[in-house]
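# A look at the structure
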Amino acid sequence: MPSVTDRYVPLDATILRDPYPVLAELRASEPVFWHEGMESWALTRYADCVRVLRDHATFARDPRRTGGTVAEPSLSVQSLDPPQQGRIRSLFMTALHAQDLAAIELRARRLVLGRLEDQADGEVFNAVSEIAVPLSVAVVADLLGVEPPPYAEFAAVSDAIMRSMDGGLDPSVVEPGRIARQQLSDLVESWFAASPQPGLLARVRASATGGDAHTRLYVKNTARVMFQGGYSTTAAAVGNAVHTLLTHPHALRQLRDRAVLATGVDELVRFDGPVQGTTRIAVRACRIGDVDIRPGQKVVPLFAAANRDPEAFTRPGQLVLDRTPNRHLGYGWGPHSCIGTTVAQAALRALITALNEHPAHLVPVGDGVRRRAATMRAFDTLPALLHR
Ligand code: HEM
């Protein structure tokens, strides 16, 4: 029998189906372990993950702090570290707070209801392409104040970028990822070339005008990250949420209660969230658990493992829709935590409210197909039908 560390092969069919049992074994037996494929120290304990995410002085996001390089198009809020990152981050946060999220949520709810109306009674459809993709493209475009690109075309571009994040584990995804990134850049360039429409993009553009060339570059790159990253994580989260709701028969009914809806959208992300982990680089020697980490080594907090840590959550393997507090790591933690959390929460509420408002019930048809991706847990297809 291979050791438990050897059994954590993120692209393996068993792990794609259900990573949680192996992650639980790792947390119990070897909570900080060297992962050969990722060439990183992987962390499975909640407390270790939080420590790394918080301590940006020791654990860098920006590879240049340990002598690495970052390509110019990748310099964004995501790749910079404080204090440089803080300026760009607060520019985007301020612009986001100025948007009418309630109106965005209402439009998103109407969109989901419309998509459900379009499905013929009793006919099988793919909940990913018919609900998760349109909902997520529409919400992020609405937030930024841009025309939504054609749903399926944009999903294909974004999927190629997302898959290329696993380039270390699967080199064949690198080139399609490069081409897709160029297509995305062209799309974002076209928004910056056009006259601004009301929305987040107009605000950050206005704030960056008059700033130096670096600031303008970071703003453009961050807008790209927001659109593609925001879309791909939300689409994956919506797909996972639909699956969880379909496999927990009383959940949708419970979520009719507004208080349960408010906490439930977070529990859905804790229970089976899309982002499996993230990477930091140790800038100096340090120790996590029993392990000595050398400067320059990569450290990967595994959110999927931390979110089911019994030291941090009671009944971690159960869906507890009214769980409070619920300080899960599905949106990260610390200076790089998700900028779009409130937007994602609005999208998930829109989904659930629309499913509850629609007169027919959504019913699963078979298991669905999990995406072959390590960084992002998602479905490629999730067959369902509406039953009156
Ligand atoms: C359910 C949906 C979402 C999930 C689960 C999610 C998750 C995450 C996570 C885990 C991080 C931190 C990664 C790290 O520490 O390395 C992150 C960062 C980020 N997210 Fe999200 N996200 C979601 C939706 C969105 C949306 C809708 C937007 C924007 C419209 C967005 C924009 C960002 C940005 C810009 C960052 C980088 C922040 C920084 O580095 O300072 N996300 N997200």
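With an unreviewed UniProt entry as reference, the chain is termed Cytochrome P450, source organism Streptomyces coacervatus.

### Some remarks on the sheet that holds strand S4 (residues 125-126)
Spatially, the 3 strands line up as an open sheet ordered S4-S12-S9, and their pairing is antiparallel. Of all strands in the sheet, those bounded by a partner on one side alone are S4 and strand S9 (361-364). Where S9 lies against strand S12 (residues 383-387), 4 bridges are found, and the strand directions are antiparallel. Paired with Leu 362 across the two strands is Leu 386, which belongs to S12.

### Re helix H3 (residues 20-29)
Residues of H3 that are buried include every one of Tyr 20, Val 22, Leu 23, Leu 26 and Arg 27, and no others. Around the axis of H3, the buried residues are gathered within 160° of arc, so they sit on the same side. Those residues of H3 that are buried lie in contact with helix H1 (4-7), helix H2 (13-17), strand S1 (32-35), helix H13 (258-272) and helix H14 (303-306).

### Side note on the coordination of the iron atom of the ligand
Donation to the iron atom of the ligand from the protein comes from one atom only, Cys 338 (SG), at 2.3 Å. Position of Cys 338 among the secondary structure elements: in the loop between H14 and helix H15 (341-357).

### As for the state of the cysteines
Simply put, the disulfide is a covalent bond whose two ends are the sulfur atoms of two cysteines. Applying the stated criterion to the full structure yields 0 disulfides. Unpaired in this structure, Cys 49 has its nearest cysteine sulfur neighbour in Cys 286, at a distance of 14 Å.

### Focus on the packing of H13 against H15
Where H13 meets H15, the axes come as close as 10 Å, and the angle between the chain directions of the two elements is 110°. By the criterion of interaxial angle, the relationship of H13 to H15 is roughly perpendicular. Contacts between H13 and H15 involve Leu 261, Val 265, Asp 266, Leu 268 and Val 269 on the former and, on the latter, Gln 345, Leu 348, Arg 349, Ile 352 and Thr 353. Here the contact of H13 with H15 is composed, by residue class, of 6 nonpolar, 2 polar and 2 charged.

### Some words on the sheet that holds S1
Read across the open sheet, the 5 strands follow the order S1-S2-S8-S5-S3; overall the sheet is mixed. Pairing within the sheet leaves two strands with one partner each, and these edge strands are S1 and strand S3 (59-60). Relative to strand S8 (residues 298-301), strand S5 (residues 280-282) runs antiparallel, the two being bridged by 2 bridges. Its bridge partner being in S8, Ile 281 is matched across the sheet by Lys 298. Those strands touched by helix H4 (residues 46-54) are S1, strand S2 (40-43), S3, S5 and S8, and its axis lies near 125° from that of S8.

### Section: unusual backbone geometry
What you tend to see is this: most non-glycine residues have negative phi, and most peptide bonds are trans. With an omega dihedral of 5°, the bond running from Pro 82 to Pro 83 counts as a cis peptide bond. Considering the arrangement of structural elements, one finds Pro 83 in the loop between S3 and helix H5 (84-97). The peptide bond linking Thr 324 to Pro 325 adopts the cis configuration, its omega dihedral lying at -10°. Turning to its location among the elements, Pro 325 is positioned in the loop between H14 and H15. Located in the positive-phi region is Glu 39, a residue other than glycine, with phi close to 50°. Tracing the backbone through its elements, the reader meets Glu 39 in the loop between S1 and S2. According to the relative accessible area criterion, Glu 39 is exposed, its value standing at 51%.

### Brief notes about the pairing of S2
The two faces of S2 match: Ser 40 and Ala 42 on one face and Trp 41 and Leu 43 on the other face are all buried. Pairing between S1 and S2: 4 bridges, direction antiparallel. Paired with His 35 across the bridge in S2 is Ser 40. Across 4 bridges, S2 lies against S8 in parallel orientation. What sits directly across from Ser 40, in S8, is Lys 298.

How each quantity is defined
- Residues numbered from 1 in each chain as written.
- Predicted model: local features only at pLDDT ≥ 70, side-chain atom pairs only at ≥ 80, totals over all residues.
- Heavy atoms only, no water.
- Pairing = 2+ DSSP bridges.
- Helix = DSSP H or I, 4+ residues; strand = E, 2+ residues; numbered from the N terminus.
- Buried < 20%, exposed > 50% of the residue type's maximum accessible area, 1.4 Å probe, protein only.
- Arc of directions from axis to C-beta.
- Contact = heavy atoms within 4.5 Å.
- Donors = N, O, S within 2.8 Å, 3.2 Å for Na, K, Ca; no water.
- Disulfide = S-S within 2.5 Å.
- Axes fitted to C-alpha atoms, helices over the stretch in contact; angles between N-to-C directions.
- Parallel < 35°, antiparallel > 145°, perpendicular 65-115°, else oblique.
- Nonpolar A, V, L, I, M, F, W, Y, C, P; charged D, E, K, R; others polar.

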